[in-house]
Amino acid sequence: MNPSLLQTPIDYLKGIGPNRAEILRKEIGVHTYGDLLNFFPNRYLDKTRFYKIAQLEKNTSEVQIVGKIVHLRTVEQKKGKRLVADFVDDTGKMELVWFRGQKWIRENLKLNTPYVIFGKTSWFNGLFSMPHPEMELVEEYKKNLRTAMQPVYPSTERLGKAGVTNRVISRCVQQLFLESGNKFVDPLPENLLEELHLLPKAEALFNAHFPRSQELLAKAQFRLKFEELFYIQLQLLIKNMIRKQKIRGFPFEEVGSHFTEFYENHLPFELTNAQKRVIKEIRQDLGSGAQMNRLLQGDVGSGKTIVALMSILLALDNGFQACLMAPTEILSIQHFNGILDLVTDLGIKVRLLTGSTKTSERREIHEALENGELHLLIGTHALLEEKVKFHNLGLAIIDEQHRFGVAQRARLWKKNHLPPHVLVMTATPIPRTLAMSLYGDLDISVIDELPPGRKEIKTVHRYDSNRLKVFAFIRDEIRKGRQIYIVYPLIQESETMDYKDLMDGYESIAREFSMPEFQISILHGQMKPADKDYEMDRFVKGETQIMVATTVIEVGVNVPNASVMIIESAERFGLSQLHQLRGRVGRGAEQSFCILMTGHKLSNDSKTRLETMVRTADGFEIAEVDLKLRGPGDLMGTQQSGVLNLKIADIVKDNDILKSARHYALQLLKEDPKLELEKNKVVKYTYSQLVKEKNIWNYIS
Ligand code: ADP
Ligand code: MG
């Protein structure tokens with residue numbers, strides 16, 4: 001099909017008027033012929049196989065059977081009647097059932113005449129029955145031409161109401177194949193098709209809509225998924241290549257005195273091998289002369305901060321300034337205090353800048369930053385403001401990336417005449433394959449090892465009805481000298497309700513754990529920053545034993561003596577959030593506990609989330625489950641990506657195809673980085689079309 005035909009507005013297709021076209025655009029995003037062609041069925045009715053009644057099993061879905069009706073009767077039921085037919089073949093008997101249209105059926109069905117029936121079976125009163133079967137006389141069936149497997153397209157209520165039924169869509173697609181003569185340019189190069197034994201494009205498209213057999217369907221889907229993922233990977237790889245070539249960065253050639261001095265004399269612990277490896281990777285990047293754009297993934301507590309600090313020291317050693325940005329005030333204060341402790345002896349000037357920094361202090365910071373007196377600035381979004389100008393920013397570190405948008409990442413780039421090196425740190429592990437697609441423009445480092453001596457956190461699920469036992473447990477732990485977090489959910493839509501939950505909870509805890517033996521802190525989003533600091537500070541110092549909080553506590557907070565995390569209404573949290581919260585404990589030498597409190601009524605997904613938390617502490621495993629439960633579309637940061645608007649591939653299920661697609665895309669680019677070879681002409685063309693559509697670039701640059 002020539003490209004212009006693919007771009008023809010859908011209104012022009014036979015069978016689709018302006019009204020239907022409007023619905024198609026709105027409901028399923030089909031604007032053009034090409035869109036419709038890439039609108040794939042989500043399942044197929046398999047009519048290749050005939051079942052015998054004796055072969056039916058309780059979990060078979062739609063089946064096709066040949067047999068005869070031997071008896072028809074009407075059965076009275078509580079509301080109205082149903083029509084029941086005894087249907088037999090040479091192996092057994094089942095029932096066909098109608099609740100609607102009984103009169104017509106009674107008058108038209110032929111007894112003792114062979115029919116082909118098709119439909120879903122269910123097991124009822126010791127017999128299989130099929131409600132409202134599709135039926136056709138065998139005689140008729142033989143006359144009609146048909147494809148064996150019929151497509152079932154995704155639908156919406158509005159589509160149905162507007163009369164755009166499955167049959168209509170299926171006819172339209174057929175019409176498209178007719179008009180196009182089923183001629184399509186194949187976007188994959190010949191040699192790849194051969195090497196991987198892929199179906200040609202035209203055949204794959206046709207079989208994805210109207211499969212001639214199960215086998216061809218599988219081949220068609222494989223081919224189309226491969227193509228889709230191949231081009232995504234190709235775009236990401238090219239983008240990455242271009243970035244490396246074009247974007248010059250400040251070369252940090254020296255490993256200077258700060259770094260060495262710190263490494264030799266101030267390192268508070270032995271680095272893990274994973275930390276060493278990652279620091280090496282970062283050092284290589286920083287020395288290369290190209291701008292670093294690196295994502296550092298490491299589970300909660302894996303020790304990313306020290307890696308950040310050592311990268312910062314490299315920047316300072318080379319005469320550059322650095323900044324460290326965190327998503328919340330609490331977290332930036334914590335970074336500030338922690339880093340200040342570590343570097344005071346090195347003569348490094350560090351300041352904190354947040355939304356609540358006073359104007360006079362702000363002015364001071366701005367000035368020291370511009371004239372270069374200040375070496376390291378730590379803070380929140382406040383760092384991004386226009387007014388914040390660096391003398392010579394060389395490295396920007398962003399902690400907990402998922403809280404920041406891509407646009408914000410971009411704003412940091414503009415803080416120097418060459419873009420600073422960027423290190424993005426995230427504690428929400430993303431399965432590698434997804435990371436590859438989502439952050440294909442970033443290089444990835446992983447800290448996959450926890451510092452030694454960490455005890456596994458014991459995680460249990462308890463029902464609200466066991467609250468008294470949980471209270472007794474808390475009391476014991478506090479008497480042993482430990483501190484406790486109790487966290488309540490926070491849902492943005494209903495802050496007042498959450499506030500009430502929190503306050504009710506606080507009151508009952510305060511009643512149970514009364515002063516003077518017990519001191520309680522409280523922390524929530526509606527408090528003034530100064531009050532938050534005050535409460536947090538009391539808890540950090542051990543003056544309070546219980547911290548009642550909303551999820552503001554989630555990110556990064558580090559109080560090693562806190563060893564119990566109680567999560568209230570745990571079913572209302574997402575998996576990665578639960579994992580983050582749990583990561584607040586298990587930071588000291590003592591055995592830590594995480595208690596997930598819920599009511600008795602739980603959805604299946606909630607159960608899976610709770611079971612997963614109890615079973616494993618591995619952030620990557622948890623991320624995989626999370627991804628399966630929620631789908632990539634809901635994963636933090638993916639909404640804006642556009643990368644995951646996949647037409648046929650599934651980034652989770654088609655993991656293996658993704659890897660293979662990436663492998664071949666990489667191979668092709670190695671051989672032909674500029675897509676100049678004759679055999680890759682079609683790749684170059686397809687790629688340029690995709691870039692024109694910009695479907696992938698929105699989020700990257
Ligand atoms: P995260 O990766 O979650 O940001 P942090 O950097 O806050 O983790 O580190 C968690 C805790 O582990 C901190 O108290 C830190 O001092 C400690 N830590 C980090 N690396 C090591 C190490 N190699 N050995 C011992 N403790 C470490
Ligand atoms: Mg951290």
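What follows deals with the pairing of strand β15 (residues 421-426). Most of β15 is tucked away: six of the six residues are buried. Note: strand β10 (residues 293-298) against β15, five bridges, orientation parallel. Looking at β15, one finds that Q297 is bridged to T426. Where strand β14 (residues 393-399) and β15 come together, five bridges link them in parallel fashion. When the sheet's bridge partners are listed, I398 is paired in β15 with V424.

For the rest of this paragraph, the subject is the side chain of D89. Relative to the helices and strands, D89 resides in strand β3 (residues 81-89). No salt bridge is formed by the buried D89, whose closest oppositely charged neighbour, K52, lies at an N-O distance of 4.9 Å. From its side chain, D89 meets the backbone nitrogen of T91 in a polar contact 2.7 Å long. Engagement of the side chain of D89 in a polar contact is seen with the backbone nitrogen of G92, the distance being 3.0 Å. Residues contacting D89, with those up to four places away along its chain left out, are Y51, K52, I53, I65, V66 and G67.

Residues separated by three or four positions in an α-helix point in the same direction, a consequence of the helix having 3.6 residues per turn. Relative to the 16 Å expected for twelve residues at 1.5 Å per residue, helix α22 (residues 604-615) spans 16 Å between its end C-alpha atoms, a close match to the ideal helical length. When α22 is considered as a whole, its buried residues turn out to be S606, R609, L610, T612 and M613. Seen along its axis, α22 keeps its buried residues to an arc of 160°; they face one direction. In α22, the exposed positions that point more than 90 degrees away from the buried face belong to N604, E611 and R615. Contacts made by the buried residues of α22 are with β17 (458-463), α21 (575-582), β22 (593-598) and α23 (619-630).

Contact geometry for helix α13 (residues 304-317) and helix α14 (residues 329-343): axes closest at 11 Å, N-to-C directions at 60°. Compared by their axis directions, α13 and α14 come out oblique. At the point where α13 passes α14, the crossing takes the right-handed sense. Listed contacts from α14 to T305, I306 and L309 of α13 are H335, I339, L342 and V343. The residue makeup of the contact of α13 with α14, split by class, is five nonpolar, two polar and no charged.

Think of a sheet as strands paired side by side through backbone hydrogen bonds, with each pair either parallel or antiparallel. Judged by pairing direction, the sheet is parallel, and its seven strands sit side by side in the order β12-β13-β11-β14-β15-β10-β16 without closing on themselves. Every interior strand has two partners, whereas the edge strands, β12 (350-353) and β16 (443-447), have only one. This sheet shows a mean twist of 20° between the axes of neighbouring strands, independent of strand direction. Across the sheet, α13 is in contact with β10, β11 (321-325), β13 (376-379), β14, β15 and β16; its angle to β14 comes to roughly 170°.

Quick notes on the rules
- Residues numbered from 1 in each chain as written.
- Chains lettered and ligands numbered in written order.
- Predicted model: local features only at pLDDT ≥ 70, side-chain atom pairs only at ≥ 80, totals over all residues.
- Heavy atoms only, no water.
- Buried < 20%, exposed > 50% of the residue type's maximum accessible area, 1.4 Å probe, protein only.
- Helix = DSSP H or I, 4+ residues; strand = E, 2+ residues; numbered from the N terminus.
- Pairing = 2+ DSSP bridges.
- Lys, Arg positive; Asp, Glu negative; His and termini not counted.
- Salt bridge = Lys/Arg side-chain N within 4 Å of Asp/Glu carboxyl O.
- Polar contact = N/O pair within 3.5 Å; in protein donor to acceptor, adjacent residues only side chain to side chain.
- Contact = heavy atoms within 4.5 Å.
- Expected span 1.5 Å × (residues − 1).
- Arc of directions from axis to C-beta.
- Axes fitted to C-alpha atoms, helices over the stretch in contact; angles between N-to-C directions.
- Parallel < 35°, antiparallel > 145°, perpendicular 65-115°, else oblique.
- Left-handed = near helix turned anticlockwise from the far one by under 90°.
- Nonpolar A, V, L, I, M, F, W, Y, C, P; charged D, E, K, R; others polar.

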